[in-house]
Amino acid sequence: MNAVTPAVLEDIARRGRPAPGDFVRVQLDTGGIAAGATEVFDCLRETVAAQQLGLPVCRVGSHGRAWADPVVEIRAAGLAPVLYGQVTAELVPELLTAHVRERRLLDDHVIATGPRGTTIPAPVAHLLVRDTGPGEGKTQFFQFSFAEELKRRGLADRVQVVRALDLGIYDEGVVVQLLPGGITYTNVLAPDVARIIERSVQQQQVLDDLLWKLPELQVRIVLRNCGEIDPEELGDYVERVEGYQALHRVLALTPEQVIAEMKVSGLRGRGGAGFPTWMKWDFTRKQPPGQRYIICNGDEGDPGAFMDRSVLESDPHSVLEGMMIAGYAIGATQGYLYIRAEYPKAVERVERALQQARAAGLLGKNILGRGFDFDAKIRLGAGAFVCGEETALIASIEGRRGSPSPRPPYPSVRGLWGRPTAINNVETLAGVPAIILRGGAWYAGYGTATTRGTKVFAVTGKVKQAQLVEVPMGTTLRQIVFDICGGVSEDREIKAVQTGGPSGGVIPDQHLDTPVAYETLQALGSIMGSGGMIVMDKTDSMVDVAKFFLKFCVDESCGKCAPCRIGGYQMLQVLDRISRGRGAAEDIVTLRRICLAMQKGSLCGLGQTAPNPVLSTLRYFDDEYRAYIEGGPSYARKMARTAAGGVGEPAPVVVTPVAVPSP
Amino acid sequence: MNAPLQPPAAAPVPPPEAWKQDEAALLTMLEEIERKHGYIPHQIGDEISRLLEVKLERLKRIQGKLEGGVRRDVQAHVARWRGEEGNLIMILHAIQNQYGYVPRDVAMELSRELGVRLARIYEVITFYHYFKLQPPGKHNITVCNGTACYLKGAAGLLNELRSQLGVGEGQTTPDREFHVEVVRCIGCCGMSPAVVCDGKTHGRVKPISIAGLIAGVRAVAAAKEAKP
């Protein structure tokens, strides 16, 4: 891309977003590539060229629908964009022929994404059908009924009935969506078939009794560009999604005005602690003049969370732009992006983004002719969970082992190389350009009184549709798990949701109606954390889960302070004893005492929060601990057998014992 | 490095008594020879190792010096990052990318090149999980043990690998063919449990499909060997 100058940006802003043409997009992120998206991409390119369809085949990041990978989006033949999930290379020729040449959608792959309308603007061309009830067995029957009814009325060649992969609505019986328009009917019964065809398809009237009126739960602010742009092309970002417009606007303001705007937005750090972003910037700004640094924390060590990876891979320029705005606000001229080495694709794309920004004059001296100097570098993490902690992260960037140091002094006073430093999470920074463009008040309009805006969660574990969701704060856990992600896999009963990774806690079934915010989760003994949300069903043993997280924290403890180093290890011994059925009633008392000591005495967040999984399972699932203690070894063996089997896998495997030195 | 290709035929080797017991003296002498010739002629190196029944490690180090390869690599990595503060971790990443692990002689050379004590380099290497001190196997099988994978049966996969290959977490088969590793999270939670075989990620793996994965890796290797 050529140099990006203020004139170019102003010109693009004047023209507005270009009308999108036809395209085929393949979502190529780590998850997609692992599922075979590269093969699909290559095959699409070849087939489009061979059949001379004249469609551009583009690479984009991921929408976040990890369960449906590889995902392909097609906009062609005058149809609205259609998302296809679980596409394979073998499917590609059929997919292209059907969609592009014959305007037919492919059964069992369509994911409904567009807004659900309330009117029917044009003659209906496609009917998407899916049975979302338990068992999901009636889809085919209803497809047949609709097709027969259409045939009877002589509409069979005008309207196609398609079995959908996902309609975004769950447990509402048979769901039918009419395209174009996106009118959605739920709980459709057999007698309704004729009615829908007659009234809605033939006369374009809306059937109010069946209409699904609930608004969309997700609001995409951080993920706004994910899956929409080519993450490896600066041009795409600048021309199509108002890229670097926020920076352009910011450079005309004073840093104080930028911080004030952030204050209005109420944005709080999305890395977990929830410290107000504007305050962090303000503290750093008020330090004595001199070199300052801005660090982007992309060390997503929290197992089960992949939102930072996804944002870095799908929209690296948003993070960079957010970082530059932060740099301008605090007066930093140098930024570091600290990214896990385990995310090679993210590192590669960010590196590329930096090169392109540098070539376009967006990094370096006198950016956009406003006298603002800024440059950014990548530093790789090396697999240490504790490096997510600010002071440890700084030590790691300085090339030392990542041991945390006592705070205060906070990094905003004495950070990297002893200079004032602001550290922001990937998600926080990715949201900044949107806040600047639309205004802080707009952002503050989402969320609850104390926690504004939206949060991205990675919902995984025993859930039907493991994916990234972005919801306004205040959405309940039940809505996230059941209404957005489709509920527990294999329709089992939910037991708990674990939030916050190894530093968080479990939230049991009875508390799932809690609205999500920093304070409410804390009151339940968990934390927001970086946004990992792991769903557990009735077969999961909570003692085992507590042991898993504690083992993680013990492995990751840097060993600097005693409460964490010794306390964690001793707790693990006790938990291991309990989980083998050799525990005693006093063990629970001991556990609680060690937990308290670790919380009060540890130096950094890792040690202070490491007891959370144990404490929260003790709080809500005390009976499970007692069952292990009272049931003895035979009960423990029985539980181990069910746990090791995994989901419906009756494999006779022995659980590996935790390494315990012999006495 | 632009030294004459042919060293003087009768390269003077100092009497062994002076440096046989004293490593510091040996190093000084080696450095002297290097300064003189620009590198250490292999005849001299051979002579020294013959005279001195050196331990394997020291021999390796001397040989490393002789070949100059290690030194050149390290110098290249250091040159790339010279002048940057806190470059140690990035250099270690580069070294690990090249060798697959951080060999001891390379770490020693790096210590000399950067002027950082070896203990500090090892402090960093052993602190971070990503850096390895053992050479990896020919084929690497990585089992993700993130929370999502754990809940969906990563332990079962590890057990299956153990029974198929006879090695557990962090171990390499005796023939150095397979190395089994467990990682925290590869971020593919949507398709858990995940296993990475030689860089290719497989999702929704079941214990029953492990044998197929191993056979697949072997087949690819066999095909590669058959080609040339």
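So, a few notes on the structure that sits alongside this text. In this numbering scheme, every chain counts its residues from 1 along its sequence in written order. As a convention, the first chain written is A and the first ligand written is 1, with the rest following in written order. Reporting in this predicted model follows two pLDDT cut-offs: at least 70 for local features of residues, and 80 or more for side-chain atom pairs to be given and counted; totals over whole chains, interfaces and linings ignore these cut-offs and use all residues. Each side-chain value is derived from all of the structure's non-hydrogen atoms; neither hydrogens nor water enter the calculation.

## Thoughts on the packing of helix α9 (residues 255–265) of chain A against helix α12 (residues 316–330) of chain A
Residues and elements named next belong to chain A.
Phase 1: Think of each axis as a best-fit line through the C-alpha atoms, taken over the contacting stretch in the case of a helix, with angles from 0 to 180 degrees between the N-to-C directions. The way it works is that DSSP assigns letters per residue, a run of H or I at least four long becomes a helix, a run of E at least two long becomes a strand, and they are numbered from the N terminus. Packing of α9 against α12 brings their axes to within 8 Å, and their N-to-C directions diverge by 120°. Comparing the axis directions of α9 and α12 gives the class oblique. Pair α9 / α12 crosses with left-handed handedness. Side by side, α9 and α12 meet where P255, V258 and I259 of the first sit next to I325, Y328 and A329 of the second.
Phase 2: Just so you know the grouping, Ala, Val, Leu, Ile, Met, Phe, Trp, Tyr, Cys and Pro go in nonpolar, Asp, Glu, Lys and Arg go in charged, and all remaining residues, Gly too, go in polar. By residue class, the composition of the contact of α9 with α12 is six nonpolar, no polar and no charged. The labels follow the angle: roughly parallel below 35 degrees, roughly antiparallel above 145, roughly perpendicular from 65 to 115, and oblique for the rest. The crossing is said to be left-handed when, going from far helix to near helix, the turn is anticlockwise and less than a right angle, and right-handed when the turn is clockwise. Contacts are assigned to residue pairs that have any heavy atoms within 4.5 Å of one another.

## A word on unusual backbone geometry
Residue and element names in this part refer to chain A.
Phase 1: The amide bond that connects D69 to the next residue, P70, takes the cis arrangement and shows omega of -10°.
Phase 2: With respect to the helices, strands and loops of the structure, P70 is situated in the loop between β2 (57–60) and β3 (72–75).
Phase 3: Phi is positive for D108, close to 65°, though the residue is something other than glycine.
Phase 4: By the secondary structure assignment, D108 is in the loop between α4 (92–101) and β5 (110–111).
Phase 5: In this scheme, a residue with accessible area under 20% of its type's maximum is buried, one over 50% is exposed, and one in between is partly exposed, where area comes from a 1.4 Å probe on protein chains only. We classify D108 as partly exposed; its relative accessible area is 34%.

## Some words on the state of the cysteines
Residue and element names in this part refer to chain A.
Phase 1: Disulfides are defined as cysteine sulfur pairs within 2.5 Å. Applying the stated criterion to the full structure yields zero disulfides over all chains.
Phase 2: Here C387 is not disulfide-linked; the sulfur of C558 is the nearest cysteine sulfur, at 9.3 Å.
Phase 3: With relative accessibility at 0%, the residue C387 sits in the buried group.
Phase 4: Looking at the unpaired C553, the closest cysteine sulfur is the one in C564, lying at 7.5 Å.

## So, the pairing of strand β11 (residues 334–339) of chain A
All names here are of chain A.
Phase 1: Burial runs high along β11: six of the six residues are buried.
Phase 2: Alternating positions in β11 separate into two faces, Q334, Y336 and Y338 on one and G335, L337 and I339 on the other, with burial throughout.
Phase 3: The pairing of strand β10 (residues 293–298) with β11 spans six bridges and is parallel. Paired with G298 across the strands is I339, a residue of β11. The pairing criterion is simple: DSSP has to find at least two bridges between the two strands.

## Regarding the pattern of salt bridges
All names here are of chain A.
Phase 1: Counted as salt bridges are all cases of a side-chain nitrogen of Lys or Arg within 4 Å of a carboxyl oxygen of Asp or Glu. This structure, assessed with the given rule, holds 53 salt bridges over all chains.
Phase 2: Here E242 ties to R17 by a salt bridge, and the two come within 3.1 Å at their closest N and O atoms. Of the two residues, E242 sits in the loop between α7 (234–240) and α8 (245–250) while R17 sits in the loop between α1 (6–15) and β1 (23–27), which places them 225 residues apart along the sequence.
Phase 3: With relative accessibility at 34%, the residue E242 sits in the partly exposed group.
Phase 4: Across the salt bridge formed by R268 and E519, the nearest N and O atoms sit 3.1 Å from each other. Highlighted residues: R268 in the loop between α9 and α10 (277–285) and E519 in helix α18 (residues 518–523), separated in sequence by 251 residues.
Phase 5: Taking the relative accessible area as the measure of exposure, R268 reaches 14% and is therefore buried.
Phase 6: For E519, a relative accessible area of 33% puts it in the partly exposed group.
Phase 7: Shared partners join several salt bridges into a network, and the residues in it are R59, D230, E232, R349 and R352.

## Notes on the interface of chain B and chain A
Phase 1: If you look at the interface, chain B gives 40 residues, while chain A gives 58 residues.
Phase 2: Here the quantity called buried area is the total loss of accessible area, with a 1.4 Å probe, experienced by two parts when brought into contact, counted for both. For the chain B and chain A pair, buried surface summed over both sides reaches about 4000 Å², with 60% attributable to carbon and sulfur atoms.
Phase 3: Three residues stand out in chain B for area buried against chain A, namely F127(B), L151(B) and R184(B), and they jointly supply 17% of the buried area on that side.
Phase 4: A salt bridge links E556(A) to R184(B); its shortest N-O distance comes to 2.8 Å.
Phase 5: As used in this structure description, the phrase polar contact means that two N or O atoms lie within 3.5 Å; if the pair is within protein, one of them must be able to donate a hydrogen and the other to accept it, and residues adjacent in sequence are counted only when both atoms belong to side chains. At the junction of chain B with chain A, the criterion picks out 17 residue pairs in polar contact (both at pLDDT 80 or more).
Phase 6: Within the side of chain B that touches chain A, the residues separate by chemical class into 18 nonpolar, 12 polar and 10 charged.

## Describing the sheet that holds β1(A)
All names here are of chain A.
Phase 1: As summarised here, the arrangement of the nine strands in space is β2-β1-β3-β4-β5-β7-β6-β8-β9, forming an open sheet in which the pairing is mixed. The open sheet has two edge strands with one neighbour each: β2 and β9 (183–188).
Phase 2: Sheet topology note: the strand β6 (residues 126–131)/strand β8 (residues 174–179) ladder contains six bridges and is antiparallel. Opposite L127, over in β8, you have L178 as the bridge partner.
Phase 3: Packed onto the sheet, helix α3 (residues 37–50) meets β1, β2 and β3 and runs at close to 160° relative to β2.
Phase 4: Packing against the sheet, helix α6 (residues 192–202) makes contact with β6, β8 and β9, and its axis sits at approximately 160° to β9.

## Remarks on helix α5 (residues 69–81) of chain B
All names here are of chain B.
Phase 1: In this analysis, the expected span of each helix is defined as 1.5 Å times one less than the number of residues it contains. Along its 13 residues, α5 runs 19 Å from first to last C-alpha, staying within 8% of the 18 Å computed at 1.5 Å per residue.
Phase 2: For α5, the complete set of buried residues consists of V70, R71, V74, H77, V78 and W81. Considered in projection along α5, the buried side chains sweep an arc of 130° and stay on one side of the axis. What points out from α5, more than 90 degrees from its buried face, is the exposed set A79 and R80.
Phase 3: Phi turns positive one or two residues past the end of α5, at G83, with a value near 90°. When we speak of the arc, we mean the arc of directions from the helix axis to the C-beta atoms.

## Description of the nonpolar core
All names here are of chain A.
Phase 1: Working definition of a nonpolar core: buried Ala, Val, Leu, Ile, Met, Phe, Trp, Tyr and Cys residues. They are joined through side-chain atoms within 4.5 Å. Formed by 119 residues in total, the largest nonpolar core has its most connected members in Y244, W281 and L337.
Phase 2: No other element matches α12, which puts nine residues into this core.
Phase 3: Apart from residues lying up to four places away in sequence, Y244 is in contact with L9, L234, Y237, V238, H317, L320, E321, M324, A357 and L362.

## What about the pairing of β1(A)?
Working note: regular strand, side chains alternate between the two faces of the sheet.
Residues and elements named next belong to chain A.
Phase 1: For β1, the tally of buried residues reaches five of five residues, placing the bulk of the element in the interior.
Phase 2: The pairing of β1 with β3 spans four bridges and is antiparallel. The residue bridging R25 from the neighbouring strand is E73, located in β3.
Phase 3: One ladder, built from four bridges, connects β1 with β2; its direction is parallel. Bridge pairing links V26 to R59 in β2.

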